[in-house]
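Each chain, letter by letter, is given below.
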Amino acid sequence: MLAKRLFIIPVAAYVLWLIFAYDNHFLDGVNLLLHEGGHVLLNFFGETVHFLGGTFGQLFFPLACAYHFLQARQFYESWLMGIWFAESLMNTARYLGDAQAQVLPLVGGHIHDWNWLLSRWGGLDHCEAIGSGLHVIASLIALTSIAGAAAATLRDEEFSTASC
């Protein structure tokens, strides 16, 4: 239990870094793999779903992991998966915000998913504002998740002392 509580400290610092200074880092390689896999898996459902598939792929797996931990009643771990989801959403926000400028490097093709989508939906001129709004939402999810993880350590201790 103490280890989980102590682990909250660097994770909280990481969450603050994500919110205020997000840049590409170690989880983005995993997110990219899941993003590209989403394109492959959803390729058969039409162009729009194919282009959304990357984002669906990278957001689905943190949620699936969180659900797995919830089913196992491992609440602390589930909240940590919420932080991964928030980070992946921040990654999406950055990519979405880049739809018009297209400065970020692309993998697997020359078509920017969000440029393609927002061009068809009439939102390309608003991509930076949409990306910023999505970053705020992701930040709130990250803060809620770190608070939930911290609360879960207290709750776990409450249950372990009650059972003694």
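See the structure above.
These lines cover the structure that appears in this document, whether it is placed above or below. (Residues numbered from 1 in each chain as written. Predicted model: local features only at pLDDT ≥ 70, side-chain atom pairs only at ≥ 80, totals over all residues. Heavy atoms only, no water.)

**Concerning a nonpolar patch on the surface**
Residues Leu16, Phe20, Val136, Leu140 and Leu143 make up a contiguous nonpolar surface patch of roughly 520 Å² in combined accessible area. Sorting the residues of the nonpolar patch by element identifies helix H1 (2-21) and helix H6 (127-162) as the ones contributing at least two each. When residues of the nonpolar patch are assigned to their parent elements, the largest contribution, three residues, is made by H6. Following the sequence through the fold, Leu16 ends up in helix H1. Here Leu16 falls in the partly exposed class, since its relative accessible area comes to 44%. (Patch = residues over 30% accessible without salt bridge, like charges linked within 9 Å, V, L, I, M, F, W, Y side chains within 5 Å. Areas by Shrake-Rupley, 256 points an atom, 1.4 Å probe, with all protein chains shown as cover. Salt bridge = Lys/Arg side-chain N within 4 Å of Asp/Glu carboxyl O. Helix = DSSP H or I, 4+ residues; strand = E, 2+ residues; numbered from the N terminus. Buried < 20%, exposed > 50% of the residue type's maximum accessible area, 1.4 Å probe, protein only.)

**Considerations on helix H2 (residues 26-41)**
Taking 1.5 Å as the rise per residue, H2 with 16 residues should run 22 Å; its terminal C-alpha atoms sit 24 Å apart, in good agreement. Packed against the buried residues of H2 are H1, helix H3 (47-71), helix H4 (75-97) and helix H5 (113-121). (Expected span 1.5 Å × (residues − 1). Contact = heavy atoms within 4.5 Å.)

**What to know about the packing of H3 against H4**
It is at 7 Å that the axes of H3 and H4 come closest, and there the two elements cross at 170 degrees. With respect to H4, the axis of H3 lies roughly antiparallel. On H4, the residues touching Thr55, Gln58, Leu59, Phe61, Pro62, Leu63, Cys65, Ala66, Phe69 and Leu70 of H3 are Phe75, Glu77, Ser78, Met81, Trp84, Phe85, Ser88, Leu89, Asn91 and Thr92. Residues that form the contact of H3 with H4 fall into these classes: 13 nonpolar, six polar and one charged. (Axes fitted to C-alpha atoms, helices over the stretch in contact; angles between N-to-C directions. Parallel < 35°, antiparallel > 145°, perpendicular 65-115°, else oblique. Nonpolar A, V, L, I, M, F, W, Y, C, P; charged D, E, K, R; others polar.)

**Focus: the layout of surface pockets**
What the largest pocket holds in volume is close to 520 Å³. Every residue lining the largest pocket is counted, 23 residues in all, and those nearest its centre are Leu32, Glu36, Tyr95, Pro105 and Val107. Looking at the lining of the largest pocket, the elements that each hand over two or more residues are H2, H3 and H4. When residues in the lining of the largest pocket are grouped by element, the largest group, seven residues, is from H2. Its residues placed into classes, the lining of the largest pocket shows eight nonpolar, eleven polar and four charged. One number sums up the size of the second largest pocket: a volume of about 160 Å³. What lines the second largest pocket is Phe7, Val11, Tyr14, Phe26, Leu27, Leu80, Ile83 and Trp84. Listed by contribution, the elements that provide at least two residues to the lining of the second largest pocket are H1, H2 and H4. (1 Å grid on protein atoms, 1.4 Å probe; cavity = no way out; pocket = protein on both sides within 12 Å on 5 of 7 lines; lining within 4 Å. Points joined across faces, edges and corners; volume = space filled by probe spheres on them.)

These results come straight from atomic positions and should not be treated as a statement about function.
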